[in-house]
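A structural walkthrough
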Amino acid sequence: MIGSHAGGEETARDMFGPHRGGPTVLRIILGSQLRRLREKRQITCEEAGAAIRGSHSKISRMELGRVRFRRRDVADLLTLYGVDDESDKAAMLTLADRANAPGWWHSYSDILPSWFEVYIGLEEAASRIRAYEVQFVPGLLQTEDYARAVTLLGHPTAPGHEVERRVGLRMRRQSLLQSDDPPHLWAVVDEAVLRRPLGGVQAMRRQLRHLLEMTELPNVTLQMVPFALGGHAAAGGPFSILRFAERDLPDVVYLEQLTSALYLDKREDVDHYHVVMERLCIDAEPASKIRDTLNRILNEM
């Protein structure tokens, strides 16, 4: 047995059930398996790095699932870690091959920064996505016109074909919400998100009507933080919390910046953001009122 969990022993062959999110998830799962094997044998990252002609930082990146896996490196590490069962070895090597397969978003690599590519993979894998937005409608709920306006804000000099590819990428991501096994998206937005006519009044009216349609889905919950509340717990800005069904994946907090992003998975950091999100959900209007709120704002436009 190559690993154990609270529910019992698990072999490499047990990791071949259906996984959401494709290669991103598989890299993280494989990396965590390799980390447990290394720690069980009390082998340092430096020693493991030397065994694959690399460094301790390469081992760290592999164990976090941040890099592609070379089959030879995985084989050498399994030997070092004392994995003698040939079927376990074969399963781990096959997992490494699957983890290196490109996700659907690979075809957008010309416009997709590496730091956001990680997020798309995690988004695809999540069973629950909780998000707070202060300026924009969450990307998974945007219309094409609205997404185009957001894209032009961030890339004002981009040629038209690039803008359309960026919009197309966002629309492709949205198919996740109506897939056979969709995640639950629970979004809390500031009132300014619903009142700022991004893309013009008519585009914003279409966006609000789209939100009315999306909130009919059983896996979409939307709440608004009203101006009347004043200050609130999320004064630091927008963030997302992603939760996964896979036991090897901890909750991840995603903080997007202008040209990069932060991914937080330390328990104390994640717990802090969970507390903030719970406070937001309590302070915001109840989700049962969102349709009345959207209709009221539409009538006021």
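Keep in mind it's a predicted model, so treat the numbers as computed, not measured.

Our next topic: the overall build of the protein. Of regular secondary structure, the protein possesses 12 helices and 8 strands. With the C-alpha coordinates of the protein rotated into their principal frame, the extents come out at 70 × 45 × 35 Å. Taking all 301 residues of the protein together, the buried fraction comes to 50%. Split by element, the accessible area of the protein, about 14600 Å² in all, is 51% carbon and sulfur. Mean positive and mean negative side-chain charge positions of the protein (39 and 42 charges, respectively) differ by 2 Å.

Turning our eyes to something else, we now look at the packing of aromatic side chains. In the structure shown here, the tally under the stated rule is 8 aromatic pairs. Where Tyr 254 meets Tyr 263, the ring centres are 5.3 Å apart and the plane angle is 50°; that geometry is what we call tilted. With a relative accessible area of 5%, Tyr 254 lands in the buried category. Put simply, the rings of Trp 115, Phe 116, Tyr 119, Tyr 254 and Tyr 263 pair up and form one aromatic cluster. Positioned over the ring face of Trp 186 is Arg 130, at 4.7 Å from the centre of the ring. The ring of Trp 104 is capped by Arg 172, whose NZ or CZ atom sits 4.1 Å from the centre of that ring.

Think of a ball as big as a water molecule: rolled over the atoms, this probe shows where empty space is left. By volume, the largest pocket amounts to about 1300 Å³. In this structure, the largest pocket is lined by 44 residues; those nearest its centre are Phe 136, Arg 170, Tyr 254, Glu 256 and Gln 257. For the lining of the largest pocket, the elements supplying multiple residues, two or more each, are helix 6 (114-125), strand 3 (126-133), helix 7 (144-154), helix 8 (160-174), strand 6 (239-244), strand 7 (252-256) and helix 11 (267-283). By residue class, the composition of the lining of the largest pocket is 27 nonpolar, 11 polar and 6 charged. Empty space within the second largest pocket amounts to approximately 640 Å³. If you go around the second largest pocket, you meet 32 residues; those closest to its centre are Thr 24, Ile 28, Leu 64, Gly 65 and Arg 66. Of all the secondary-structure elements, those providing two or more residues to the lining of the second largest pocket are helix 1 (23-40), helix 6 and strand 8 (261-264). Of the residues forming the lining of the second largest pocket, the biggest block, 7 residues, is contributed by helix 1.

The general pattern is negative phi for most residues beyond glycine and trans for most peptide bonds. Backbone geometry at Gln 42 places phi at a positive 55°, although glycine is not the residue there. Counting through the fold element by element, Gln 42 comes out in the loop between helix 1 and helix 2 (45-51). Located in the positive-phi region is Arg 53, a residue other than glycine, with phi close to 60°. With respect to the element layout, Arg 53 can be found in the loop between helix 2 and helix 3 (56-63).

The subject of this paragraph is the UniProt feature "domain: HTH cro/C1-type" (unreviewed entry) in the protein. The residues that UniProt annotates with the feature "domain: HTH cro/C1-type" (unreviewed entry) are residues 34-89. Each end of residues 34-89 is marked by a C-alpha atom, and these two atoms are 12 Å apart; helix forms 64% of the span and strand 0%.

Turning our attention to the environment of Arg 166. Inspection of the secondary structure puts Arg 166 in helix 8. Measuring from C-alpha to C-alpha, the distance between Arg 166 and Pro 218 comes to 28 Å, with 52 residues separating the pair along the chain. Those residues in contact with Arg 166 that lie beyond four places of it in its chain are Ile 111, Thr 151 and His 155.

For strand 5 (residues 220-225), the buried fraction is high: 6 of the 6 residues fall into the buried class. Here strand 5 shows a buried face lined by Val 220, Leu 222 and Met 224 and a second buried face lined by Thr 221, Gln 223 and Val 225. In the sheet, strand 4 (residues 184-190) pairs with strand 5 via 6 bridges, with the strands oriented parallel. Paired with Leu 185 across the bridge in strand 5 is Val 220.

Its place among the elements puts Ala 99 in helix 5 (residues 86-99). For the pair Ala 99 and Gly 65, spaced 34 residues apart in sequence, the C-alpha to C-alpha distance is 9.2 Å. Excluding anything up to four places from it in sequence, Ala 99 contacts Pro 23, Leu 26, Arg 27 and Phe 69.

With that settled, consider the pairing of strand 7. Judged by how many residues are buried, strand 7 sits mostly within the fold: 4 of 5 residues are covered. Bridge analysis of strand 6 against strand 7 gives 3 bridges, and the strand direction is antiparallel. When the bridges of strand 7 are listed, Ser 240 appears paired with Tyr 254. Inspection of the sheet shows strand 7 paired to strand 8 by 4 bridges, in the antiparallel sense. Its bridge partner being in strand 8, Val 253 is matched across the sheet by Leu 264.

Scoring rules and cut-offs
- Residues numbered from 1 in each chain as written.
- Predicted model: local features only at pLDDT ≥ 70, side-chain atom pairs only at ≥ 80, totals over all residues.
- Heavy atoms only, no water.
- Helix = DSSP H or I, 4+ residues; strand = E, 2+ residues; numbered from the N terminus.
- Buried < 20%, exposed > 50% of the residue type's maximum accessible area, 1.4 Å probe, protein only.
- Areas by Shrake-Rupley, 256 points an atom, 1.4 Å probe, with all protein chains shown as cover.
- Lys, Arg positive; Asp, Glu negative; His and termini not counted.
- Charge placed at Lys NZ, Arg CZ, Asp CG, Glu CD.
- Phe/Tyr/Trp six-rings, centres within 6.5 Å; stacked < 30°, edge-to-face > 60°.
- Lys NZ or Arg CZ within 6 Å of the ring centre and 35° of its normal.
- 1 Å grid on protein atoms, 1.4 Å probe; cavity = no way out; pocket = protein on both sides within 12 Å on 5 of 7 lines; lining within 4 Å.
- Points joined across faces, edges and corners; volume = space filled by probe spheres on them.
- Nonpolar A, V, L, I, M, F, W, Y, C, P; charged D, E, K, R; others polar.
- UniProt positions renumbered as here; feature names shortened; annotations may be inferred.
- Contact = heavy atoms within 4.5 Å.
- Pairing = 2+ DSSP bridges.

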